[in-house]
Amino acid sequence: MFDYNFHWRPVFRDLPDLIAASLVTLQVASLAMILGVIIGLGLALIRLHGRGPLRWLATSWVELARNTPALFQLFFFGFGLGAFGLHLSPFLIVLAGLTFNCAGYLAENFRGGFQAIPETQLRAARSLGMTVWQSYTRIIIPQVLRIVYHPITNQMVWAVLMSSLGMLVGFRELSGETQFFASRTFRIFEYFAVTAILYYIIVKIILLASRLLATRLFRY
Amino acid sequence: MIEVSNLHKKFGDLHVLKGIDLTVSKGEVVSVIGASGSGKSTLLYCINALEPINEGSVTVDGVDVHAKGTDINQLRQKLGMVFQQWNSFPHLTALENVALAPRIVRGMSKREARDVAAEQLKHVGLGDKLESFPSALSGGQQQRLAIARALAMEPQYMLFDEATSALDPELVGEVLDTMRLLAEEGMTMICVTHEMGFARDVSDRVAFFNDGILEEIGPPSQIFGKAESENTRKFLSKVR
Amino acid sequence: MNEPVQFFSGFSVNDVWFMAEAAWRTLLISVFSISLGTLMGGVFGWLLYEGRFWATAGLAAILDIFRSVPLIIQLVLFYNFAPIVGLNLDAFASGVVVLTIYTAALVANVARGGLEAVGTPMRRAARSLGMSYWQTLWYVVLPIGGRAVFPSWIGVALGVMKDSALVSVLGYVELLRASQILITRTQEPFLILAIAGAFYFALSYPISRYAEKLEQRWAVR
């Protein structure tokens, strides 16, 4: 029924390269998530307890990250910063864009998590003579992490999906690499179909790993 | 000795404590009674600096609790506190709940802390629940866990903030028994409570709070028998 | 043709008009896709809730694919697949098709959540009054469940609005693509990106705040 002849051979020839590019995708997404969790935690705490310009800054970060397209954010770190003579490498553009976005979304998750912990937990910890730092690292944050565990997993999936925007700023992660091969052979559909499957597999692996990790991490 | 003098505490416009004077000596058990909102719980929070104060002073063994240079974390080790909401740490087992603070605050080794914790849990009758998570414990058990957790810091004083108010009626007894046990062992205690039976039987003195003022204080026989203040009598006639 | 030709020059009034048109196209494709996708997603959600086990599992697995593959890949795939099966769709139509299915996949979950939010006792109460299945759905389940998931739906809709920027890869000149074109010409990236960002923000922020308020208000009751 089709006039079109599918040619899968070149795709399979390049499959090892695509898998290698998948690792780049995972790498940049994971890195963005690690930075995003740390920054997001900070943003949430500032929004909850900070005041003045710092609080304003944190709020702006969160709202900009959540209310503009991820691609816009990537463009900003791409040619937006170029206006100030700051030219990031494609890798850094994607990393910065993803980190900015993830931190913003995670900050809101963390904020909700902190608000879900009764204030009395902090009081109880403090009444035992723990410092504020000890109370947070030993009592509050472990509980918050449990609450935000699923949102963090979802955000990790989003980070992987979002990293595909790298192909629009010249970064050779999975999508960028696919585009490179596809434009070389004109087998666009075949290449992107295989890449879609690879993304699907990556996402499933992340979800599975997260579920396995959860049974290890959460004993209660 | 805990000495509270001319203590004032405000939450915004709300004047919660209006000049409280109270001295609790070593080995004494003082029950604090009064209507909700009369400032009883706030007094406890001010004693271990969980709330800042507006005027007056609180000293514990001669150390000014609210002075700038005071190491409050050091001081709080002397003051065990048990809350109305038992506040067990849900992510830790019973043993870890109790062992955590001795380890990270008192600097005990892991093993020492576990030994102390196990001992205190046995003390409050939870010797068979060491590895249970709070979610598997009843309210009464969680409250006893909270008592063990405070005791593991080897406090000189115990502050009880309505320790039985949030419990189902059938669970109140086990917690009161544990508190009674501590009193018999000679622990110095300040108990904010609605349990008049406990206040009468266990306390050396009973303090009646009314609208931010320490209206009357005296031995249980006085407060429950021949109270001097009209307000005290009125309150007691209502709760009984 | 006496338009001022200003290559590699500053930002002009015409450019503002150009961006406004592009913003309009962003709105257009979003509204189309969100409306169609919501209808479709609603039906999918209902199927997921009411369907037999295997049908439900099959549908859920298919919808899951659209949530596990980057939208940009879906767009490229469909755009290149359509001609293979003899469909000649332009960038706008392709964008609408892909965004609609994508929206439907997200809305299906939201809709199922809404149906689950209406408890069995409530349905039984309605049925016991003699209402038919469809009457119950229309007069009881839809108002109650719809209200429960309305904030989540707004979240999905705003997400799709922002993701519509990706249709630019097919050559559809929506706001972000227009910005890119202008940046190449005027070399004023910061100004132009700021305008584009402000447009998205001005649209998304008030609505998401409104949804948040609703959620809080409804949560209290």
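In this numbering scheme, every chain counts its residues from 1 along its sequence in written order. Whichever chain is written first is A, and whichever ligand is written first is 1; the rest continue in order. With the structure being a predicted model, the display of local features is reserved for residues of pLDDT at least 70 and the display and counting of side-chain atom pairs for 80 or more, all residues being used for whole-chain, interface and lining totals.

Chemist: Hey, could you run me through the overall build of chain B in this one?
Modeler: Along its length, chain B carries 9 helices and 10 strands. Taking 18 Å as the expected radius of gyration for a compact globule of 240 residues, we find that chain B reaches 18 Å, a close match to that expectation. Over its C-alpha atoms, taken along the principal directions, chain B stretches across nearly 55 × 45 × 30 Å. Out of the 240 residues belonging to chain B, those deemed buried represent 46%. Counting from the N terminus, the helices are the DSSP runs of H or I reaching at least four residues and the strands are the DSSP runs of E reaching at least two. Radius of gyration: C-alpha atoms only; globule rule: 2.2 Å multiplied by the number of residues to the exponent 0.38. With C-beta atoms placed from the backbone, the exposure class of a residue follows from how many other C-beta atoms lie within 10 Å of its own: 20 or more, buried; 12 or fewer, exposed; in between, partly exposed.

Chemist: So what exactly am I meant to see when it comes to the overall build of chain C here?
Modeler: Scanning chain C from N- to C-terminus turns up 8 helices and 0 strands. Listing each helix as α and each strand as β along chain C from the N terminus yields α-α-α-α-α-α-α-α. Considered along the principal axes of its C-alpha atoms, chain C spans approximately 75 × 45 × 30 Å.

Chemist: Would you mind going over the sheet that holds strand β8 (residues 188-192) of chain B with me for this structure?
Modeler: For sheets, the rule is that strands pair by backbone hydrogen bonds, running either parallel or antiparallel. Residues and elements named next belong to chain B. In this scheme, strands are said to pair when DSSP sees at least two bridges between them. Here we have 6 strands laid out as an open sheet, ordered β6-β7-β8-β3-β9-β10, and mixed in their pairing. Two strands bound the open sheet, and with one partner strand each, they are β6 (79-82) and β10 (213-218). Strand after strand, the sheet turns through a mean of 15° between neighbouring axes, direction not considered. Sheet topology note: the strand β3 (residues 29-34)/strand β9 (residues 205-210) ladder contains 5 bridges and is parallel. Paired with V32 across the bridge in β9 is A207. Here an angle of 0 to 180 degrees is reported between the N-to-C directions of two axes, which are lines fitted to C-alpha atoms, with helices fitted over the stretch in contact.

Chemist: What should I look at first to understand the interface of chain A and chain C in this one?
Modeler: It is common to report an interface's size as the accessible area lost on association of the parts. Counting residues at the interface gives 30 residues for chain A and 29 residues for chain C. Secondary-structure elements contributing two or more residues to the side of chain A that touches chain C are α2 (53-67), α3 (70-82) and α9 (188-217) of chain A. Looking at the side of chain A that touches chain C element by element, the count peaks at 9 residues for α9(A). We call two residues in contact if the C-beta atoms placed from their backbones are at most 7 Å apart.

Chemist: Just to check I follow, could you spell out the interface of chain A and chain B for this structure?
Modeler: With 18 residues of chain A at the interface, the matching set in chain B holds 20 residues. Of all elements in the fold, only α5 (119-127) and α6 (132-147) of chain A reach the threshold of two or more residues within the side of chain A that touches chain B. Just so you know the grouping, Ala, Val, Leu, Ile, Met, Phe, Trp, Tyr, Cys and Pro go in nonpolar, Asp, Glu, Lys and Arg go in charged, and all remaining residues, Gly too, go in polar. Residues that form the side of chain A that touches chain B fall into these classes: 7 nonpolar, 7 polar and 4 charged.

Chemist: What is the right way to read the sheet that holds strand β1 (residues 2-11) of chain B from this model?
Modeler: All names here are of chain B. Taken in spatial order, the 4 strands line up as β2-β1-β4-β5 in an open sheet, and their pairing is antiparallel. One side of each edge strand has no neighbouring strand; the edge strands of this open sheet are β2 (14-24) and β5 (63-64). Contacts between helix α1 (residues 40-47) and the sheet are confined to β1, β2 and β4 (55-60), with β1 contributing the most and set at about 115° to the helix.

Chemist: Any chance you could explain the environment of S36(B) here in plain terms?
Modeler: Topologically, S36(B) is positioned in the loop between β3 and α1. As for S36(B) and N210(B), which are separated by 174 residues in sequence, their C-alpha atoms are 9.3 Å apart.

Chemist: I'm lost on the pairing of β9(B) in this one. Help?
Modeler: Residues in a regular strand project their side chains so that they alternate between the two faces of the sheet. As paired elements, β9(B) and β10(B) share 5 bridges and run antiparallel to each other. The residue of β10(B) that forms the bridge with F208(B) is E216(B).

Chemist: In this structure, what is going on with the environment of L18(A)? I would like to understand it.
Modeler: On the secondary structure map, L18(A) appears in helix α1 (residues 9-49). For the pair L18(A) and S183(A), spaced 165 residues apart in sequence, the C-alpha to C-alpha distance is 14 Å.

Chemist: Where do I start with the pairing of β1(B) in this structure?
Modeler: Residue and element names in this part refer to chain B. Both β1 and β2 contribute to a ladder of 8 bridges, which runs antiparallel. Bridge pairing links I2 to V24 in β2. Hairpin geometry of β1 and β2 is characterised by an intervening segment of 2 residues between the two adjacent antiparallel strands and by a positive phi of about 60° at G12. Relative to β4, β1 runs antiparallel, the two sharing 5 bridges. Across the sheet, the residue bridging to V4 is V58, located in β4.

Chemist: Would you mind going over helix α5 (residues 139-151) of chain B with me for this structure?
Modeler: Structural remark: α-helix, 3.6 residues per turn; residues separated by three or four positions point the same way. Residue and element names in this part refer to chain B. Multiplying 1.5 Å by the helix residue count minus one yields the expected span of that helix. With 13 residues, α5 ought to run about 18 Å at 1.5 Å a step, and its terminal C-alpha atoms sit 18 Å apart, in line with that. Summarising burial for α5: 12 of the 13 residues are buried, a large majority. If you check which residues of α5 are buried, you get G140, Q141, Q142, Q143, R144, L145, A146, I147, A148, R149, A150 and L151.

Chemist: Sorry if this is basic, but what is going on with the packing of α1(A) against α9(A) here?
Modeler: Packed helix pairs are specified by the crossing angle of their axes together with the interaxial distance, meaning the distance between the axes. All names here are of chain A. Packing of α1 against α9 brings their axes to within 11 Å, and their N-to-C directions diverge by 40°. One element, α1, and the other, α9, form an angle in the oblique class. The chirality of how α1 crosses α9 is right-handed. Residues V11, L18, S22, T25 and L26 of α1 lie in contact with α9, whose contacting residues are E190, Y191, V194, T195, L198 and I202. Angles below 35 degrees are treated as roughly parallel, those above 145 as roughly antiparallel, those between 65 and 115 as roughly perpendicular, and all remaining angles as oblique. Note on convention: the crossing is left-handed when the near helix lies turned anticlockwise from the far helix by less than a right angle, right-handed when the turn is clockwise.

Chemist: In this structure, what is going on with the nonpolar core? I would like to understand it.
Modeler: Taken as a class, soluble globular proteins show a tendency for nonpolar side chains to be buried jointly. By convention the nonpolar core is taken to be a set of buried residues drawn from Ala, Val, Leu, Ile, Met, Phe, Trp, Tyr and Cys and joined through C-beta atoms within 7 Å. Among the nonpolar cores identified, the biggest contains 111 residues, and L71(A), L74(A), L98(A), A159(A) and L75(C) are the most heavily contacted of them. Contacts of L71(A), omitting those with residues within four sequence positions, involve L165(A), L168(A), A165(C), L166(C) and L176(C).

Chemist: I would appreciate a short explanation of the packing of helix α1 (residues 13-50) of chain C against helix α6 (residues 133-163) of chain C in the present structure.
Modeler: All names here are of chain C. Orientation of α1 relative to α6, taken along the N-to-C sense of each, is 140°, at an axis distance of 9 Å. Comparing the axis directions of α1 and α6 gives the class oblique. In this structure, α1 meets α6 at a crossing whose hand is right-handed. Two secondary-structure elements touch here, α1 through S30, S33 and I34 and α6 through A157, V160 and M161. Partitioning the contact of α1 with α6 into residue classes produces 4 nonpolar, 2 polar and no charged.

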